[in-house]
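# Breakdown of the fold
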Amino acid sequence: MTTSLDILEGLNLPQQEAVQTTNGPLLIIAGPGSGKTRVITHRIAYLIRVCGVNPHQIAAVTFTNKAAREMRDRLQFMVTRDSDSLTVGTFHSFCAAMLRRNGNFLGLKSNYSIYDSDDQLNLIKRSLELSELDPKSHPPRAVQSVISKAKSSMVDALGLSQRAETYFEESCARVYYHYEELLAQNNAVDFDDLLMKGVQLLQGSEEVRDRYRNQYKYLMVDEFQDTNTSQYLLTKLLTGEAQNICVVGDPDQSIYSWRNADIRNILSFQQDYPSTKTIALEQNYRSTSTILEAAKSLISSNGMRLRKDLFTENDAGDPITVHEAYDEQEEAGFVISKIKDLRNKQSFKLGECAVMYRINAQSRALEEACIQQGIQYRLVGGVRFYQRREIKDLMGYMHLIHNPQDEVNLTRVINVPPRGIGAKSLKDFINWCRNNKISLYEGIQRTYESKISGSQDTPAISNRAVSSIGNFGEIIQSLVTLSHRVPITELIDQVLEQSGLRQSIQNSDDNPTERWENIRELKETAREFDSETPPDGLSSFLERLALVAEVDSYEDSEDSITLITLHQAKGLEFPVVFIVGMEEGLLPHSRSMENELELEEERRLCYVGFTRAERRLYLLRAFRRGFMGSSGPTMASRFLREIPSSLVTSESRQLTSDQPKISSHIKRSEAEQLKPQAPRIALGTGDEVRHSIFGEGVVLECRQTNEDHEVTIQFSSEVGLKRLLLSFAPLEKVSH
DNA sequence: TCCTCATAACTTTTT
DNA sequence: GTTATGAGGA
């Protein structure tokens, strides 16, 4: 047994209090960089080592697998041998395991498939057909989002049709109904189902509920601000009478409302558990005070907030650098050469630098700049690994072998690589199966058998197709048999060989090496998995792959920079952070600019970005940006204006080249002089102006924005057309 | 049946 | 600058 002193050492008072509050409901409001993960892990260690709680009785639910793994690693260090019996995982993986064991209550066989959003979309398109609705007037993606929203709030098809207010919602309810039917037929669930069915299981079976409640005496939920209704209900159902539930969150970092997360869960928590003790962690240990002040100032523009007073004892550090580039190429070029500078002159490691952006498409210019300047980079996300064609194909076979009822994957792979079963044959074959009231898999097996016995009981399609289907059936059958005996790695090899995938990938003319490399990477994952050898190999392998996010496989590396979306960056921290694309329409994104709530979420997203930075923060924008092929002028993000100018220095783009430097101090004081809401100089269309860097030009347009004026100027120098904010731009009127 | 080429219609963010 | 779809030819 350890004394509590060891565990409390190095924690500040509120942190200590959070660790020691072990009984009853506890809400921890944790600002960025406030040592949240530390508190959670120490609290678990405290429970085990000081209170003597059996680790088997503790569950910690996180948002990503990476967070889960990190927590497990830290705990391994603190509670050594006991850490294995702790339950640490995401909501989705927790539910997946629960359904695997108890799914039969809901008519789910334990070998069910988990469909990702591509599979889901596929099935929704088929449900649209069954509902006799036109996909043109019912975009599958829109339907998908309605259904997902319904599931997240525990509404079934009937419920949706009852509360439908528009024709579109009514149609969605119809599609939803067919969609559910198809999922059941395929013995499959989607991501939302994992949560919804988890709740249904606990609601529907007292026995199961009591079993889990008896096991988990202590429950902790991280990133609570990002939970949706079904996740919230799940925590409520799991909490036994003792109500030893601890949730940790920060409403200011809620960035997943589009995935139906609901910040109001934090308020509901206080209402549902009236004896809740609330502790705020307000001291930031991560960032310089300059960065923290900027972040605080930014987020204070949001209307909907819980009061919080962040502070830090860290130094002021360097001012935040705002750089305005001409276009995205120059923006990327500036970032990368700046990073080189930081490495060469200030001994930062490349691994300490991250570039963050709003949308994945922005990574392109950055990647190109990295390649051009010879800087190693690590791209998180982008075209996701598990969505690559060769991976999806291989995994399609794996899913089919594990769950032959899975017709989405069956139809996906039956003609991959091409083996003469075209769209027409497949359609006729499916109809033949439906008419005979057998599943596709049974149909395939029957075709295979009749091929051997020479029976004529086959679908009315070409002999070639019949024979191909028969062969396919034989391959799958033998792989199914094999799957019970051999490790995953070997199964993968056999699938690649027998299906002909290996040949087809290696002989393909588009990127055979890269595609085969991806397959090898997947095999490597399988190899690692095999070495851990869980009893139920294929099941857990498929489950794990279905539930991993790209950020999960992210690992620190000393010698490459990180390119990452702002969303994925949550929970990470870097000494140096660049945020590119600080423009209206991008950050905040154009899709969220009409709605005040969504706009506030964009601001929170920006806040998350700022607070990832420990020592240096660079904010960039481009005057022109590529927009689906063509390019157009941009406006500076309103968020730039929400940072006190005293914290900012702007570097002109010339600083990167060899031209004489302009002292940033002079520039800053200029900006301060120009800051007053009423611009110092009045400009109108046609006025001639002089800019201290760009030279002389003519005003083409002058528009009032919130508290500022935006002027569009045609410069006579090579910089051409620019849009500038009057309060920031060093402009003078030229009089004749 | 399969491949190639043209076109249209998008691209937020992801467990 | 992408990716999903469709027509037409081998």
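Because the structure is a prediction, the values reported are computed rather than measured.

With that settled, the discussion passes to helix α12 (residues 229–238). With 7 of its 10 residues buried, α12 lies for the most part within the structure. Taken as a whole, α12 has its buried residues at S230, Q231, Y232, L234, T235, L237 and L238.

Let us look at the packing of helix α5 (residues 91–102) against helix α10 (residues 191–204). Between α5 and α10, the shortest axis-to-axis distance is 9 Å and the interhelical angle comes to 55 degrees. Considered as vectors, α5 and α10 are oriented oblique to each other. In the crossing of α5 with α10, the sense of the turn from one axis to the other is left-handed. Two secondary-structure elements touch here, α5 through F91, H92, C95, A96, M98, L99 and N102 and α10 through F191, L194, L195, K197, G198, L201 and L202. The residue makeup of the contact of α5 with α10, split by class, is 10 nonpolar, 3 polar and 1 charged.

What follows deals with helix α27 (residues 596–610). Look at α27: 21 Å from first C-alpha to last across 15 residues, which is about the 21 Å you get at 1.5 Å a residue. Burial within α27 is extensive, with 12 of its 15 residues counted as buried. Among all positions of α27, only L599, E600, E601, E602, R603, R604, L605, C606, Y607, V608, G609 and F610 are buried. Here the buried face of α27 lies against α14 (289–299), β12 (353–357), α26 (566–569), β15 (574–579), β16 (613–622) and α28 (638–641).

Around DNA strand C, a shell composed of K125, R364, M628 and G629 is seen. Interatomic distance of 3.2 Å between a side-chain N/O atom of R364 and a phosphate oxygen of DNA strand C. Residues of the surface near DNA strand C, tallied by class, amount to 1 nonpolar, 1 polar and 2 charged.

The next point concerns the nonpolar core. Within soluble globular proteins, side chains that are nonpolar tend to cluster in buried spots. In this structure, M398 and F541 are the most contacted members of the largest nonpolar core, which totals 47 residues. When residues of this core are assigned to their parent elements, the largest contribution, 9 residues, is made by helix α21 (residues 463–483). Each residue touching M398, except ones within four places of it in the same chain, is listed here: I488, L491, I492, V495, L538, F541 and L542. In terms of nonpolar packing, the next biggest core, distinct from the first, is built from 38 residues, L298, A354, A569 and L572 among them.

Taken in spatial order, the 6 strands make up an open sheet running β3-β2-β6-β7-β1-β8, and their pairing is parallel. The open sheet terminates on both sides in strands that have one partner only, identified here as β3 (87–90) and β8 (277–281). For this sheet the average axis-to-axis angle between neighbouring strands, irrespective of direction, equals 15 degrees. By the bridge criterion, 4 bridges tie strand β1 (residues 26–30) to strand β7 (residues 245–249) in an arrangement that is parallel. Paired with L27 across the strands is V247, a residue of β7. Along the sheet, helix α13 (residues 264–272) makes contact with β1, β7 and β8, crossing β1 at roughly 150 degrees.

It is the contact of α12 with α13, at a shortest axis distance of 11 Å, that shows an interaxial angle of 25 degrees. The angle between α12 and α13 falls in the class roughly parallel. In this structure, α12 meets α13 at a crossing whose hand is right-handed. In contact with T229, Y232 and K236 of α12, α13 contributes N265, S268, F269 and D272.

Below, the discussion takes up the sheet that holds strand β19 (residues 648–651). In space, the 7 strands of this open sheet follow the order β13-β14-β12-β15-β16-β11-β19, with parallel pairing throughout. Two strands bound the open sheet, and with one partner strand each, they are β13 (377–379) and β19. Ignoring strand direction, the axes of neighbouring strands in this sheet form an average angle of 25 degrees. Relative to the sheet, helix α15 (residues 328–346) contacts β11 (320–325), β12, β14 (561–565), β15, β16 and β19, its axis offset from that of β16 by approximately 155 degrees.

Structurally, S363 is set in helix α16 (residues 363–373). Overall, S363 belongs to the buried group, its relative accessible area being 5%. Beyond its immediate stretch of four places on either side in the chain, S363 contacts Y357, L379 and L563.

We now examine the packing of aromatic side chains. Under the definition given, this model contains 12 aromatic pairs. Summarising the aromatic geometry, the rings of F224 and F269 are spaced 5.7 Å apart at their centres and angled 70 degrees between planes, so their arrangement reads as edge-to-face. With a gap of 45 residues between them, F224 in the loop between β6 (218–221) and α12 and F269 in helix α13 connect regions that are remote in the sequence. On the basis of relative accessibility, which here comes to 0%, the residue F269 falls in the buried class.

Pairing between strand β17 (residues 624–627) and strand β18 (residues 630–633): 4 bridges, direction antiparallel. What sits directly across from R624, in β18, is P633. In textbook terms, the turn of a hairpin is the stretch between consecutive antiparallel strands, and for β17 and β18 this stretch comprises 2 residues, one of which, M628, has a positive phi near 45 degrees.

Glancing now at the pattern of salt bridges. Scanning all chains against the criterion turns up 40 salt bridges. Between R211 and E207 there is a salt bridge, with its nearest N and O atoms 3.8 Å apart. Taken together, the positions of R211 and E207, both in helix α11 (residues 206–215) and 4 residues apart, correspond to about one turn of that helix. We classify R211 as partly exposed; its relative accessible area is 31%. One salt bridge connects E223 with K570, and the closest N-O pair in it is separated by 3.4 Å. Taken together, the residues E223 in the loop between β6 and α12 and K570 in the loop between α26 and β15 connect sequence positions 347 residues apart. Members of the salt-bridge network, linked through shared partners, are K36, D222, E223, D226 and K570.

Moving on to the environment of E352. Structurally, E352 is set in the loop between α15 and β12. Between the C-alpha atom of E352 and that of E558, which follows or precedes it by 206 residues, the distance is 7.5 Å. Sequence-distant contacts of E352, that is, excluding residues within four places in its chain, are made with F574, P575 and V576.

What counts and what doesn't
Residues numbered from 1 in each chain as written. Chains lettered and ligands numbered in written order. Predicted model: local features only at pLDDT ≥ 70, side-chain atom pairs only at ≥ 80, totals over all residues. Heavy atoms only, no water. Buried < 20%, exposed > 50% of the residue type's maximum accessible area, 1.4 Å probe, protein only. Helix = DSSP H or I, 4+ residues; strand = E, 2+ residues; numbered from the N terminus. Axes fitted to C-alpha atoms, helices over the stretch in contact; angles between N-to-C directions. Parallel < 35°, antiparallel > 145°, perpendicular 65-115°, else oblique. Left-handed = near helix turned anticlockwise from the far one by under 90°. Contact = heavy atoms within 4.5 Å. Nonpolar A, V, L, I, M, F, W, Y, C, P; charged D, E, K, R; others polar. Expected span 1.5 Å × (residues − 1). Near = heavy atom within 4 Å. Polar contact = N/O pair within 3.5 Å; in protein donor to acceptor, adjacent residues only side chain to side chain. Core = buried A, V, L, I, M, F, W, Y, C linked by side-chain atoms within 4.5 Å. Pairing = 2+ DSSP bridges. Phe/Tyr/Trp six-rings, centres within 6.5 Å; stacked < 30°, edge-to-face > 60°. Salt bridge = Lys/Arg side-chain N within 4 Å of Asp/Glu carboxyl O.

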